[in-house]
Amino acid sequence: LGAQLADLHLENKKRGETLLKEAGTVGMALLNSAFAFAVTVQVNDWQEDWVVFYARQRIQPQMDMVEKESGDREALQLWSALQLKIPDLFRDLQIIPALLHGDLWGGNVAEDSSGPVIFDPASFYGHSEYELAIAGMFGGFSSSFYSAYHGKIPKAPGFEKRLQLYQLFHYLNHWNHFGSGYKGSSLNIMRNLVK
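Note that the structure is predicted; figures quoted are calculated from it, not measured.

Calculation criteria
- Residues numbered from 1 in each chain as written.
- Predicted model: local features only at pLDDT ≥ 70, side-chain atom pairs only at ≥ 80, totals over all residues.
- Heavy atoms only, no water.
- Buried < 20%, exposed > 50% of the residue type's maximum accessible area, 1.4 Å probe, protein only.
- Helix = DSSP H or I, 4+ residues; strand = E, 2+ residues; numbered from the N terminus.
- Phe/Tyr/Trp six-rings, centres within 6.5 Å; stacked < 30°, edge-to-face > 60°.
- Lys NZ or Arg CZ within 6 Å of the ring centre and 35° of its normal.

*Asks:* How would you sum up unusual backbone geometry? Please name residues and give values.
*Replies:* Even without being glycine, aspartate 92 reaches a positive phi, approximately 60°. Given a relative accessible area of 80%, aspartate 92 falls into the exposed group. Even without a glycine there, the phi angle at aspartate 120 is positive, about 55°. Positionally, aspartate 120 belongs in the loop between strand 3 (115-118) and strand 4 (124-126). Of the residues examined, aspartate 120 reaches a relative accessible area of 48% and is grouped as partly exposed.

Structure, rendered in structure tokens:
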């Protein structure tokens, strides 16, 4: 599963390289500059900048719900501080949009006679590391999954901090949909990232 997931995440990059050979820089630029997907419930307006997309279309809507439902002052203050730090987590990192499952946790994976099967996606084009955030939550996957994945897509510098940032979305989403049991995890991640 880890190797197949990495292949999925590398597919857009491979297509861009092929277009670069065949059509020049225009094809590669088109594939490498848009994050989103047009047919999901989440805000998915096309955006050329991944950091802007993630902050505005993933975290901000969740923070808007936190503000509306609980008005949690600490969460809002932490988010104000965190927004200023997010760009530093991506410094010197080239992100090529990858087609993501978007909700890949153990409950959305099965196996049949042909191998692993994933289902119940929340797909969009984004940073491949995003996929691993929820994959590591709620029981996670085996070390062989991660070894196979990182054998094809090695961890880039700053991976662990970005993983926390990506987990923040999922904890906020769970806080908003399933209750305050996820509040502590959300706040802890924000506290850690603003240090």
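*Asks:* Outline the packing of aromatic side chains, listing residues and values.
*Replies:* Counted under the stated rule, the structure contains 17 aromatic pairs. Look at phenylalanine 90 and tyrosine 166: their rings are 6.3 Å apart centre to centre, the planes differ by 50°, and that puts the pair in the tilted class. In this pair, phenylalanine 90 is assigned in the loop between helix 4 (73-85) and strand 1 (98-100) and tyrosine 166 in helix 7 (residues 159-178), connecting sequence segments 76 residues apart. Take phenylalanine 90 and tyrosine 166: they sit in the same class, and that class is buried. When the ring of phenylalanine 145 is compared with that of tyrosine 146, the centres are 4.9 Å apart and the planes differ by 90°; the resulting orientation is edge-to-face. The rings of Trp50, Phe53, Tyr54, Phe90, Phe124, Tyr130, Tyr166 and Phe169 are connected pair by pair, giving a single aromatic cluster. For the cation-ring pair, arginine 58 lies above phenylalanine 124, with the distance from its terminal atom to the ring centre recorded as 4.3 Å.

So far we have only geometry, and geometry alone does not tell us how the molecule works.
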